[in-house]
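Per-entry structural report
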Amino acid sequence: MNSAWPTWRRVDGQGVVAPDERLAWGQTVMMGLQHVLAMAGSTILGPLLMGFDPNVAILFSGLGTLLFFVVTGGRVPSYLGSSFSFIALVASVTGYAGHGPNPDVPLAAGGIVTAGAVYALLGLLVCATGTGWIERLMPPVVTGAVGAAIGLNLAPMAAHGVSGSPAATLTGLFTLLAVAAFAVYAPPLLRRLSILCAMALSCVVYVLAANGLGLAPPVDFAPVRAAAWFGLPPLRAPRFQPHAMLAIAPVAIVLVAENLGHLKALGAITGQPFTRMAGRTFLGDGLATMLAGSGGGTGVTTYVENIGVMAISRVYSTLIFIVAALFAILLGFSPRFGAMLRAIPDPVLGGLAIAVFGLIAATMVRIWVDHVVDFTDPRNLFTVGVALVAGAGNLTVSVGGVTLGGITTATVAAIGLYQFLGWGRARNVVALSSGRE
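Residues numbered from 1 in each chain as written. Predicted model: local features only at pLDDT ≥ 70, side-chain atom pairs only at ≥ 80, totals over all residues. Heavy atoms only, no water.

1. Considerations on the packing of helix α4 (residues 105-129) against helix α14 (residues 278-294)
At a minimum axis distance of 7 Å, the contact between α4 and α14 shows a crossing angle of 165°. Judged on the interaxial angle alone, α14 and α4 are roughly antiparallel. The handedness of the crossing between α4 and α14 is left-handed. Listed contacts from α14 to A109, I112, V113, G116, A117, Y119, A120, G123, L124, V126 and C127 of α4 are A278, G279, R280, F282, L283, D285, G286, L287, T289, M290, G293 and S294. (Axes fitted to C-alpha atoms, helices over the stretch in contact; angles between N-to-C directions. Helix = DSSP H or I, 4+ residues; strand = E, 2+ residues; numbered from the N terminus. Parallel < 35°, antiparallel > 145°, perpendicular 65-115°, else oblique. Left-handed = near helix turned anticlockwise from the far one by under 90°. Contact = heavy atoms within 4.5 Å.)

2. Re helix α16 (residues 319-332)
Note on helix geometry: an α-helix contains 3.6 residues per turn, so any two residues three or four positions apart are oriented the same way. Here α16 contains 14 residues, and its C-alpha end-to-end distance of 20 Å stays within 8% of the 20 Å for a straight helix at 1.5 Å per residue. Along α16, the residues classified as buried are L319, I320, F321, V323, A324, A325, A328, I329 and G332. (Expected span 1.5 Å × (residues − 1). Buried < 20%, exposed > 50% of the residue type's maximum accessible area, 1.4 Å probe, protein only.)

3. Details of the pattern of salt bridges
By the definition in use, this model includes two salt bridges. The closest approach of N and O atoms between E21 and R9, which form a salt bridge, is 2.4 Å. Separated by 12 residues along the polypeptide, E21 in strand β2 (residues 21-22) and R9 in strand β1 (residues 9-10) bring together distant segments of the chain. Of the residues examined, R9 reaches a relative accessible area of 51% and is grouped as exposed. For the salt bridge of R239 with D104, the shortest nitrogen-to-oxygen distance reads 3.0 Å. Here R239 is found in the loop between α11 (222-226) and α12 (242-248), whereas its partner D104 is found in the loop between α3 (87-94) and α4, with 135 residues between them in sequence. (Salt bridge = Lys/Arg side-chain N within 4 Å of Asp/Glu carboxyl O.)

Given below as structure tokens:
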């Protein structure tokens, strides 16, 4: 790095636009708006599934992206949106049932701030030592196991969302099919907006069936009409309790693996070695998560949806994410926008949850396939098998009065088993090879 900040040389945009280049300001604004649309579906869905206020989450996604931009020196093209990795632990710690506002957001926020602090400290450590030790401690078999355990742990909440009345089940199934159809059959750009498009279409269908034909409980639009267009979002101060802090802190490990994977994806599509920035990206993401938690927002992470938009457009200018962040901040200060999001019917959220949580688990399987994980090796089999059972079964362990939920035990089991079962393996392999000779 020759200077503190890139110079952002102006280009015409006919070919690839590098991170340190920029388009004309009009094009930059339009590209920023496109990135807001790309992140909106997941960034909105995340807080709704945790019972958090979506205005607060959107606001801190924008503020967090600006903070990330500063920490990384404007060199990493990324948007920070709501992380789904927090959902299971937040629901477990707060006892959230998956419907309506979460009554104990401050308790969860304290854990989110703690996870962000752990994440930021790992970033500082990586800045000093490099990423080699992280890749040895958490190879693809471990990160895949932890991620899949999160998806499976969330399965009961998703299934509950579409259970009950026939109308709820049909709405949830329609929403699920809509997400899948948009993801598979829509044009490339709309595929990146499949959650947002399916959410909008399903809400319209539900309102027609419920409010128009009386086939389901109607949507109450009175709070939407009563909400102001502009105003302060309802910020909540975190409350720090040891059991919540210890339960949610391990999410930092998942975020590290996720962020590192996204950096490698960015490197693949841009041809630039972004992994050298890993320490600063971890630090920026961790500080942004702490900032979000300090105001009652969800934890944040770099978004693959926005990486997909960049891969399609071939525009990687980091200035675009400043524009996207400013758009998000404006939406965060619109109570009417938040009221519209809170009016989304529960069965629609349930259908979206099945799609998203299932994709979390399935994406981890892709990690194993892409990295050719050897499942004939008992070390890998035990690591994955135990983590999946701990996560799916929500294995809960009490240690010194502190209760550790299924995601935490799955994380500890995956990392611990993989390292424990690796002791002496290299020495044994050498001895066996010598014996054959």
